[in-house]
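# Chain and residue survey
Now for the letters of each chain:
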Amino acid sequence: MALITISGYPASGKSTRAQQIQNWINQKIQDKSYNGPIKHVQVISDHSLQIHPQAYASSATEKPARGALFAAVQRQMAPHTALIVDSLNYIKGFRYQLYCAAREFKLRTCTIYVLTSPESCREWNAARSPDESYLQETLENLFLRFEEPSSMVRWDAPLFTLVPTDVDLPNELWDAITNNIIKPPNAGTLSTAKAPTDALHVLEQTTASIVSALASNASLGGATCTVEFGSNIRRQVKLPARSVTLAELQRLKRQFITVHKKAITLGTTERGSVDWEEEKIGDKFIIYLEEHIREQ
């Protein structure tokens, strides 16, 4: 139902805020007067996934850690769940990735920016146990690499900034996760249906059968001839008022196949999906021929 992305410096109090938000939402949905869409609240964090702070020390370890976090978030996205992502989420590209996944699952989104000074983060990090703290070099590097959330970009909006002195959560947060407009999936995130494994074979065989049938009737300039292809499929093809050569038919066949080979790889051709049945391919090829065999 909603994805709440928490972002902030390392050791800035993000997990404390995540727990506060979880308790806050639980209180609201357990109220007897509540009858809304959210039924569950869940937190996914580096800690719950056993991602050690030192995973962020190098790109070689950070990339799989971020991949594990993203996969876990996708698994837990559900229509009646408020999902809180408690991690650094310091890269705007990763926050955009989470945003696109939420749109694909038709979830509302918002971002919580836990704004804490680097001095406080250093102090809180030093108070942690060695298993939960960042090395000083890693901590300073993450400060420099942090990409601050902005309410001006759609994947961070609506954005709620919380500082350590903020005791209560903003009431607007509840409205954001329960009443905001659910944006449709991004066109780039929609999966496309792939062609069947025999699509190229069907394409080659169907077009070859039609070319062969037409070649034997090509001398009938200006006539409408019948071609047969596939499983006893018969169609009428209109020929121009001239003789059509085999070379011309072969050239048009190659052009048609070239266009549709791309569709076999991408799952679509231009704006429309492709039906890979013999009959549909044959019909498309006949239309293609009739449009491209011109009078001379």
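Residues numbered from 1 in each chain as written. Predicted model: local features only at pLDDT ≥ 70, side-chain atom pairs only at ≥ 80, totals over all residues. Heavy atoms only, no water.

By the naming in an unreviewed UniProt entry, the chain goes by Chromatin associated protein KTI12 and is assigned to Panaeolus cyanescens. As stated in UniProt under Sequence similarities (unreviewed entry), the record for the chain gives "Belongs to the KTI12 family." (UniProt positions renumbered as here; feature names shortened; annotations may be inferred.)

### Some details on the overall build of the chain
Secondary structure assignment for the chain yields 9 helices and 9 strands. The buried share of the chain, reckoned over its 296 residues, is 43%. Long-range contacts, defined as pairs at least 24 residues apart, comprise 75% of the intrachain contacts of the chain with a sequence gap of at least 6. (Helix = DSSP H or I, 4+ residues; strand = E, 2+ residues; numbered from the N terminus. Buried < 20%, exposed > 50% of the residue type's maximum accessible area, 1.4 Å probe, protein only. Contact = heavy atoms within 4.5 Å.)

### Examining the packing of aromatic side chains
What the rule picks out here adds up to 10 aromatic pairs. Between Phe70 and Phe94 the ring centres are 6.3 Å apart and the planes differ by 70 degrees, which places this aromatic pair in the edge-to-face class. A residue pair is termed long-range when its members are at least 10 positions apart, and Phe70 in helix 2 (residues 59–76) and Phe94 in helix 3 (residues 92–104) qualify at 24 residues. Note on Tyr96 and Trp155: the rings are 5.2 Å apart at their centroids and 75 degrees apart in plane angle, and the pair reads as edge-to-face. Placement of Tyr96 in helix 3 and of Trp155 in the loop between helix 5 (136–145) and strand 5 (159–162) is noted, with a sequence separation of 59 residues between them. Through successive ring pairs, a cluster of aromatic residues spans Tyr9, Tyr113, Phe143 and Phe146. The lysine or arginine in question, Lys28, covers the ring of Trp174, its NZ or CZ lying 5.4 Å from the ring centre. (Phe/Tyr/Trp six-rings, centres within 6.5 Å; stacked < 30°, edge-to-face > 60°. Lys NZ or Arg CZ within 6 Å of the ring centre and 35° of its normal.)

### Quick notes on the sheet that holds strand 5
Strand order in this open sheet of 5 strands is 2-3-1-4-5, and the pairing throughout is parallel. Every other strand in the sheet has two partners, leaving strand 2 (40–45) and strand 5 as the edge strands with one partner each. Averaged over neighbouring strand pairs, the angle between their axes works out to 20 degrees when direction is ignored. Of the strand pairs in this sheet, strand 1 (residues 2–8) and strand 4 (residues 108–114) are connected by 7 bridges, and their pairing is parallel. Looking at strand 4, one finds that Gly8 is bridged to Val114. Each of strand 1, strand 3 (81–86) and strand 4 is contacted by helix 3, which is oriented at about 175 degrees to strand 1, the strand it contacts most. (Pairing = 2+ DSSP bridges. Axes fitted to C-alpha atoms, helices over the stretch in contact; angles between N-to-C directions.)

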